[in-house]
Amino acid sequence: MNAEAIAPKAEGYLLLGVIGCPVAQSKSPLMHGAALKEMGLEGSYVPLHVEPERLGETIAAMRTLGFRGFNVTIPHKLAIMDYLDDVDERAREIGAVNTVLNEGGRLKGYNTDGIGYVRSLKAEAAPELAGKRAVVIGAGGAARGIVDALLRENPASVTIVNRDATKAASLADAMASRGRVAALGTDKLQEAASAADILINTTSVGMYPQESATPIPAEWIPGGIVVSDLIYNPLETRMLREAAQRGCTVHGGLGMFVYQGAYALEYWTGRPAPAGVMREALLRNFG
Ligand code: NAP
């Protein structure tokens, strides 16, 4: 019997979750729990710890149990694509899936990280990205979605600067047909930053528990530009604190987290997500 045939009819009850390894630290259950309550929907959003070698059987179980959808986090964002029936074109271009929608037993993968990030950046710090020079520090999974979403806003240029310069180059190559994208190693960070209108940290440098670290010396940050960090724990990283002291407009990662979740919830429910309530729930949790 295939999974579709035995999928239960959990009529009216919305089963949602996040798969990752580790996943215990995830704030998604808290955020989506608050959203479901606000929307008056009966359902649950559960954290599911999934080891990489159990990914295939987990996805089969999600179909069997009738999960309406789920988020995907480290380390499964790439590997998940092998187990889905369909992958949205944009997620395929980015090369990562963070959201899965189950439509009657057919699983389709999406990526809401990049669009969530740009929505937050425009709403909170930089309403106009067209014609701007963006410098992206890092070339990991998150950077892929960010660079993709930035390029859709017609910036003058996007420069990717990474410790491992070959990873920056391969990301730049993948996006080259879409706009002006350059790749550099960290030895060129000072030069790149000096020409930036928007400087974005997509690395984990500065994240809890290494809050005293920063991906860029303060004196390399030009005064008055927009400085953005994907990290939301802590809410204000050392990089953002130092940038604010230099007169920059600063933007933290909480908004991206809220909007990537809001877009996912909109796929699952077909209704507008209560982004304000989701943000409030997170801020209360951070104290
Ligand atoms: P990833 O795929 O593991 O990529 C990590 C990146 O950080 C790589 O570019 C890596 O450089 C760089 N890096 C790590 N340690 C470094 C160090 N000590 N010095 C210099 N560079 C270093 O991780 P990811 O999924 O892209 O996530 C990156 C960050 O984004 C994390 O802090 C994560 O929490 C945050 N994030 C936030 C949201 C949100 O909703 N706000 C969503 C997704 C991710 P190499 O290539 O040289 O190793």
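A brief structural summary.

Rules used in this analysis
Residues numbered from 1 in each chain as written. Predicted model: local features only at pLDDT ≥ 70, side-chain atom pairs only at ≥ 80, totals over all residues. Heavy atoms only, no water. Near = heavy atom within 4 Å. Polar contact = N/O pair within 3.5 Å; in protein donor to acceptor, adjacent residues only side chain to side chain. Areas by Shrake-Rupley, 256 points an atom, 1.4 Å probe, with all protein chains shown as cover. Helix = DSSP H or I, 4+ residues; strand = E, 2+ residues; numbered from the N terminus. Nonpolar A, V, L, I, M, F, W, Y, C, P; charged D, E, K, R; others polar.

## Description of the site of the ligand
At step 1: Every one of the 21 residues lining the ligand counts as a neighbour, but A142, N162, R163, K167 and L230 are closest to it.
At step 2: G253 has a polar backbone atom sitting 3.0 Å from a nitrogen atom of the ligand.
At step 3: Within the complex, the protein chains bury 73% of what would otherwise be the 930 Å² of accessible surface of the ligand.
At step 4: Every element with two or more residues in the shell around the ligand is listed here: helix 6 (141-151) and helix 10 (254-269).
At step 5: Grouping the constituent residues of the shell around the ligand by class yields 10 nonpolar, eight polar and three charged.

## As for unusual backbone geometry
At step 1: Of the consecutive residues I74 and P75, the connecting peptide bond is found in the cis state with omega at 5 degrees.
At step 2: Among the secondary structure elements, P75 is positioned in the loop between strand 3 (69-72) and strand 4 (86-87).
At step 3: Here Y208 and P209 are connected by a cis peptide whose omega angle stands at 5 degrees.
At step 4: Within the secondary structure, P209 is located in the loop between strand 10 (198-201) and strand 11 (226-229).
At step 5: Of note in this structure, N154 is not a glycine but carries a positive phi near 55 degrees.
At step 6: Structurally, N154 is set in the loop between helix 6 and strand 8 (157-162).

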